[in-house]
Amino acid sequence: MFITFEGIEGAGKTTALNYLAGFLQRRGYDCLCTREPGGCTLGRNLRPILLDARTRTLAGRAELFLFLADRAQHVAEVIRPALEAGQIVLCDRYTDSTLAYQGYGRGLDTDYLRRLNEAASGGLQPQLTLLFDLPVRCGLMRAGERNRTEGLTFSEGRFDSESLDFHERVRLGYRALAEEEPERFAIVDAAQPPEDVVLQCRSALEAHWRSQDLNEADMLEEQDNDDN
Ligand code: T5A
């Protein structure tokens, strides 16, 4: 199964992804945690170019094709092999980030971006996308605080330093994408405390499994009862 985590800066995706992976692993599922950009060797080399706040010369289309190059390699080298081996893949950002940031944020045509996403990913779509939604100022405050604490303000701050309007467009873009595909997206109220956010993620996963008539949701419940 392929699950993606999406949302604006500082929405809490990485925190929730790590929790959900731990939760599933404790119940015997084999999980692979990965991210874009930077989930493969090529992406790790591209990440500083894409995210360093001191990168001033990146044209919009150059930025786009670097994200797509990372995705093409990441799918081929990491995601597809893991899915073929039966792992649950949890991926921090994927094709919807391109639609939200380069499409709604930067103003590139979203139909064009969909075609490029399709080409880069070989058509690989997540079964479930958790969209972490919260007010832009709240997300930026969290991301700014984390970057200051971890010394990442310059090395990872290029998107954080975009205007409030840019981030509002990205947020609205994500919500529009979720409305278009309600069966794939689950919206998580990411303004809530972490313990509540992770419960929402778990419920979304269980609801997805139930909707697919998979008995995993019942297994999780049974194991919970055993734990208590
Ligand atoms: N991008 C990416 C594109 O433009 N196009 C693309 O195609 C792709 C793939 C990637 C950037 O690249 C852009 C989008 C991004 O700008 P990144 O650093 O990899 O940048 O982005 P993320 O790892 O997604 O990091 P974010 O900054 O978005 O943060 P997260 O992962 O959403 O948030 P997280 O978990 O790190 O939490 C942030 C802070 O808040 C706290 C955490 O402890 C942490 O300190 N926190 C909470 N605090 C209160 N309540 C909660 N519920 C909290 N949850 C977490």
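In what follows, the accompanying structure is described. If you're wondering where the values come from, they're calculated on a predicted model, not measured in any experiment.

### A few points about the environment of T55
Right, on to step 1. Take T55: it is sitting in the loop between helix 2 (41–51) and helix 3 (60–84).
Right, on to step 2. Other than its neighbours up to four places away in sequence, T55 contacts P48, I49 and R158.

### Side note on helix 2
Right, on to step 1. Within helix 2 the residues assigned to the buried category are G43, L46, R47, L50 and L51. Seen from one end, helix 2 has its buried residues packed into an arc of 125 degrees, which puts them on one side.
Right, on to step 2. Those residues of helix 2 hidden inside the fold are in contact with strand 2 (31–35) and helix 3.

### Notes on the site of the ligand
Right, on to step 1. Taken together, 29 residues surround the ligand, and among them E9, K13, T14, T15 and T98 come closest.
Right, on to step 2. Contacts to the ligand include G12, whose backbone N or O atom sits 2.9 Å from an oxygen atom.
Right, on to step 3. Of all elements in the fold, only helix 1 (13–26), helix 2, helix 3, helix 4 (95–105), helix 6 (136–150) and helix 8 (194–211) reach the threshold of two or more residues within the shell around the ligand.
Right, on to step 4. With 4 residues, the single largest contributor to the shell around the ligand is helix 4.
Right, on to step 5. Residues of the shell around the ligand, tallied by class, amount to 11 nonpolar, 8 polar and 10 charged.

### As for the packing of helix 3 against helix 4
Right, on to step 1. Running from N to C, helix 3 and helix 4 point in directions that differ by 175 degrees, and their axes come no closer than 11 Å. Classified by the angle their axes make, helix 3 and helix 4 are roughly antiparallel. Judged by residue contacts, E63, L64, F67 and R71 of helix 3 engage T95, T98 and Q102 from helix 4.
Right, on to step 2. When the residues that make up the contact of helix 3 with helix 4 are grouped by side-chain class, the tally is 2 nonpolar, 3 polar and 2 charged.

### Concerning the sheet that holds strand 1 (residues 2–7)
Right, on to step 1. Pairing is parallel across the open sheet formed by 5 strands, whose spatial order is 2-3-1-4-5. Single-partner strands in this sheet number two, and they are strand 2 and strand 5 (185–189). Taking the axes of each pair of neighbouring strands and ignoring which way they run, one obtains an average angle of 20 degrees across the sheet.
Right, on to step 2. As judged from the 5 bridges shared by strand 2 and strand 3 (residues 88–92), these two strands associate in the parallel manner. Paired with C31 across the strands is I88, a residue of strand 3.
Right, on to step 3. Each of strand 1, strand 2, strand 3 and strand 4 (128–133) touches helix 1; the most contacted strand, strand 3, lies at about 170 degrees to it.
Right, on to step 4. Together, strand 1, strand 4 and strand 5 form the strand contacts of helix 4, whose direction differs from that of strand 1 by roughly 20 degrees.

Procedures and definitions
- Residues numbered from 1 in each chain as written.
- Predicted model: local features only at pLDDT ≥ 70, side-chain atom pairs only at ≥ 80, totals over all residues.
- Heavy atoms only, no water.
- Helix = DSSP H or I, 4+ residues; strand = E, 2+ residues; numbered from the N terminus.
- Contact = heavy atoms within 4.5 Å.
- Buried < 20%, exposed > 50% of the residue type's maximum accessible area, 1.4 Å probe, protein only.
- Arc of directions from axis to C-beta.
- Near = heavy atom within 4 Å.
- Polar contact = N/O pair within 3.5 Å; in protein donor to acceptor, adjacent residues only side chain to side chain.
- Nonpolar A, V, L, I, M, F, W, Y, C, P; charged D, E, K, R; others polar.
- Axes fitted to C-alpha atoms, helices over the stretch in contact; angles between N-to-C directions.
- Parallel < 35°, antiparallel > 145°, perpendicular 65-115°, else oblique.
- Pairing = 2+ DSSP bridges.

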